Amino acid sequence: MELAHSPEEEEFRARLRAWLAGVLPTLPPKPPPDDWPARRAYDLGWQRMLHDAGYAGLHWPVDAGGRGATPTQHLIFLEETEKAGAPYVGANFVGLLHAGPTIAAEGTPEQRARWLPPVLRGEEVWCQGFSEPEAGSDLASLRTRAWRDGDTYVVSGSKIWTSHAEVADWCELLVRTDPAAPRHRGITWLALPMDAPGVTVRPLRTLAGSNEFAEVFLDEVRVPVANRVGAENDGWRVTMVTLSFERGTAFVGEVVACRRVLRELARAAHDGGRWGDVTLRRRLGRLNAEFRALWRLTQWNVSEAERTGGVPGVGGSVFKLRYSHARQELFDTAADVLGAGSLDVGHPWVLDRLSSLSYTIAAGTSQIQQNIVAERILGLPKGR
């Protein structure tokens with residue numbers, strides 16, 4: 001991993017900074033956090049601006065519609081957009097960070113041509129239909145059933161914690177196509193059109209008061225066989241590709257954001273007269289070391305993914321395991337610095353603190369990540 005930046009990479013950084021400085025002041029005001037149709041329009045509008053400027057899918061392969069940028073250019077892009085306060089991918093995060101990269105890696109040429117350009121142009125939103133009421137962390141226990149009827153699959157079942165389902169055009173959907181097979185071997189990955197007859201979406205409200213998740217009910221929904229990514233019953237392997245992206249690279253921008261919050265937190269401690277608290281300074285110093293190490297691990301993971309063909313490896317589980325807990329520790333410390341202000345729901349850190357509680361569950365629980373690290377990295381025997 002090369003940590004020094006070349007003259008070409010610094011030139012790329014300078015061009016990006018100049019573009020951000022010119023375009024960000026022209027953005028409209030952000031919509032209310034609970035108005036997801038408006039947020040969809042805002043997020044996709046930003047994605048279209050990135051596309052038109054040549055920054056959409058920066059690190060995606062050229063034959064998938066991206067620019068084929070180097071891992072370092074990708075990380076520079078994430079650093080500079082976060083530092084400039086540019087919008088996050090928002091409602092489009094499943095398409096850009098999970099489904100899109102999976103289709104780029106596993107899809108047919110026809111599937112790549114159909115689904116990837118609209119994601120990069122900011123025209124279509126994806127959601128994730130993996131978890132079920134009785135198959136969360138134990139994802140292989142999913143029961144949503146799909147049976148073949150000619151050129152279509154007929155799908156019945158339900159999903160839960162489906163991100164942005166209420167504003168999505170497509171869903172990356174896991175279904176069981178062979179109930180007699182061992183549970184990891186009878187699963188198939190489908191692209192479900194969310195406007196298909198038989199799809200019902202019921203929004204869920206979170207602890208933070210938002211409703212970016214939903215239950216999705218599927219009543220004999222017909223999905224073309226052409227929408228299957230990978231072979232029938234090979235969905236578990238394809239899912240591992242999706243989860244590799246989710247754990248290995250999807251949180252990259254958030255590490256940059258956490259480092260910014262940490263700097264702001266140190267200033268707040270200074271301004272609030274808390275800097276003389278030795279214990280607090282030690283917490284801030286340790287968190288600074290944590291996030292610097294996580295950023296280096298991110299650089300390694302992204303570089304390793306590029307070296308091995310673009311799909312992140314099990315190092316993503318190491319990152320996700322530590323990042324989940326470090327994020328919670330960061331916002332626990334923020335609550336300590338803010339004091340009574342930490343109860344003000346209008347403060348952005350309050351929402352971040354509440355959402356941080358989910359990070360040890362989302363994208364695979366910490367217990368799941370510990371098992372992956374133990375078995376696939378350390379070579380320990382499987383637990384019983």
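Here is what the cut-offs are and how they apply
Residues numbered from 1 in each chain as written. Predicted model: local features only at pLDDT ≥ 70, side-chain atom pairs only at ≥ 80, totals over all residues. Heavy atoms only, no water. Helix = DSSP H or I, 4+ residues; strand = E, 2+ residues; numbered from the N terminus. Buried < 20%, exposed > 50% of the residue type's maximum accessible area, 1.4 Å probe, protein only. Areas by Shrake-Rupley, 256 points an atom, 1.4 Å probe, with all protein chains shown as cover. Disulfide = S-S within 2.5 Å. Core = buried A, V, L, I, M, F, W, Y, C linked by side-chain atoms within 4.5 Å. Contact = heavy atoms within 4.5 Å. Salt bridge = Lys/Arg side-chain N within 4 Å of Asp/Glu carboxyl O. Pairing = 2+ DSSP bridges. Phe/Tyr/Trp six-rings, centres within 6.5 Å; stacked < 30°, edge-to-face > 60°. Lys NZ or Arg CZ within 6 Å of the ring centre and 35° of its normal. Axes fitted to C-alpha atoms, helices over the stretch in contact; angles between N-to-C directions. Parallel < 35°, antiparallel > 145°, perpendicular 65-115°, else oblique. Left-handed = near helix turned anticlockwise from the far one by under 90°. Nonpolar A, V, L, I, M, F, W, Y, C, P; charged D, E, K, R; others polar.

**As for the overall build of the protein chain**
Here is step 1: The helix and strand inventory of the protein chain stands at eleven helices and eight strands.
Here is step 2: Among the 384 residues that make up the protein chain, the fraction classed as buried is 51%.
Here is step 3: When the accessible area of the protein chain is evaluated, it comes to approximately 17,800 Å², of which 54% is carbon and sulfur surface.

**Comments concerning the state of the cysteines**
Here is step 1: Applying the stated rule across the entire model yields zero disulfides.
Here is step 2: Sulfur of Cys-127: no disulfide; nearest cysteine sulfur belongs to Cys-171 and is 3.8 Å away.

**A word on the nonpolar core**
As a rule of thumb, nonpolar side chains are buried together in soluble globular proteins.
Here is step 1: Trp-46, Phe-291 and Leu-330 are the most contacted members of the largest nonpolar core, which totals 38 residues.
Here is step 2: Breaking this core down by element, the ones donating at least two residues are helix H1 (7-23), helix H2 (36-53), helix H3 (71-83), helix H7 (252-271), helix H8 (278-307) and helix H9 (315-338).
Here is step 3: Once you skip the residues sitting within four places of it in the chain, Trp-46 turns out to touch Trp-19, Leu-20, Val-23, Leu-24, Leu-27, Ala-86, Pro-87 and Tyr-88.
Here is step 4: Counting residues in hydrophobic clusters, the runner-up holds 30 residues, among them Trp-60, Ala-64, Leu-96 and Phe-130.

**A look at the pattern of salt bridges**
Here is step 1: Applying the stated rule across the entire model yields 27 salt bridges.
Here is step 2: Residues Glu-215 and Arg-202 are paired through a salt bridge, measuring 3.7 Å at the closest nitrogen-oxygen approach. You can see Glu-215 sitting in strand E7 (residues 213-224) and its partner Arg-202 sitting in strand E6 (residues 199-204), a full 13 residues away along the chain.
Here is step 3: Judged by relative accessible area, Arg-202 falls into the partly exposed class, the value being 48%.
Here is step 4: Its salt-bridge partner being Arg-286, residue Glu-290 comes within 3.7 Å of it at the nearest N-O pair. With Glu-290 and Arg-286 both in helix H8 and four residues apart, this pair spans about one turn of that helix.
Here is step 5: Taking the relative accessible area as the measure of exposure, Arg-286 reaches 41% and is therefore partly exposed.
Here is step 6: The network of salt bridges with shared partners includes Glu-10, Arg-13, Arg-17, Glu-79 and Glu-80.

**Considerations on the environment of Val-318**
Here is step 1: For Val-318, the location among the structural elements is in helix H9.
Here is step 2: On the basis of relative accessibility, which here comes to 32%, the residue Val-318 falls in the partly exposed class.
Here is step 3: A C-alpha to C-alpha distance of 9.6 Å links Val-318 and Leu-294, two positions 24 residues apart in sequence.

**Looking at the pairing of strand E5 (residues 187-193)**
Here is step 1: In terms of burial, E5 is a largely internal element, seven of the seven residues being buried.
Here is step 2: Taking every second residue as pointing to the same face, both faces of E5 are buried, with Ile-187, Trp-189, Ala-191 and Pro-193 on one and Thr-188, Leu-190 and Leu-192 on the other.
Here is step 3: Both strand E4 (residues 170-176) and E5 contribute to a ladder of seven bridges, which runs antiparallel. If you follow Glu-172 over to E5, its bridge partner there is Ala-191.
Here is step 4: In this sheet, strand E8 (residues 228-229) lies alongside E5 in antiparallel orientation, the contact comprising two bridges. The partner of Leu-190 across the bridge, within E8, is Arg-228.

**Structural notes on the packing of aromatic side chains**
Here is step 1: Evaluated as defined, the whole model comprises eight aromatic pairs.
Here is step 2: Over the ring of Trp-36 we find Arg-39, and its NZ or CZ is 3.9 Å from the ring centre.
Here is step 3: Against the face of Tyr-153 rests Arg-148, its NZ or CZ located 5.7 Å from the ring centre.

**So, the packing of H1 against H2**
Here is step 1: Packing of H1 against H2 brings their axes to within 13 Å, and their N-to-C directions diverge by 135°. Judged by the inter-axis angle, H1 sits oblique to H2. In this structure, the crossing between H1 and H2 has a hand that is right-handed. Of the residues in H2, those in contact with Trp-19, Leu-20 and Val-23 of H1 are Trp-46, Met-49, Leu-50 and Ala-53.
Here is step 2: Residues of the contact of H1 with H2, tallied by class, amount to seven nonpolar, no polar and no charged.

**Section: the pairing of E7**
Here is step 1: Note that strand E3 (residues 152-159) and E7 share seven bridges and pair antiparallel. When the bridges of E7 are listed, Lys-159 appears paired with Val-216.
Here is step 2: Bridge count between E6 and E7: six bridges; the pairing is antiparallel. By the bridge assignment, Arg-202 is partnered in E7 with Glu-215.

**Quick look at the side chain of Thr-162**
Here is step 1: Looking at the secondary structure, you find Thr-162 in the loop between E3 and E4.
Here is step 2: Setting aside residues no more than four positions away along its own chain, Thr-162 makes contact with Cys-127, Gln-128, Gly-129, Glu-212, Phe-213, Ala-214 and Val-216.

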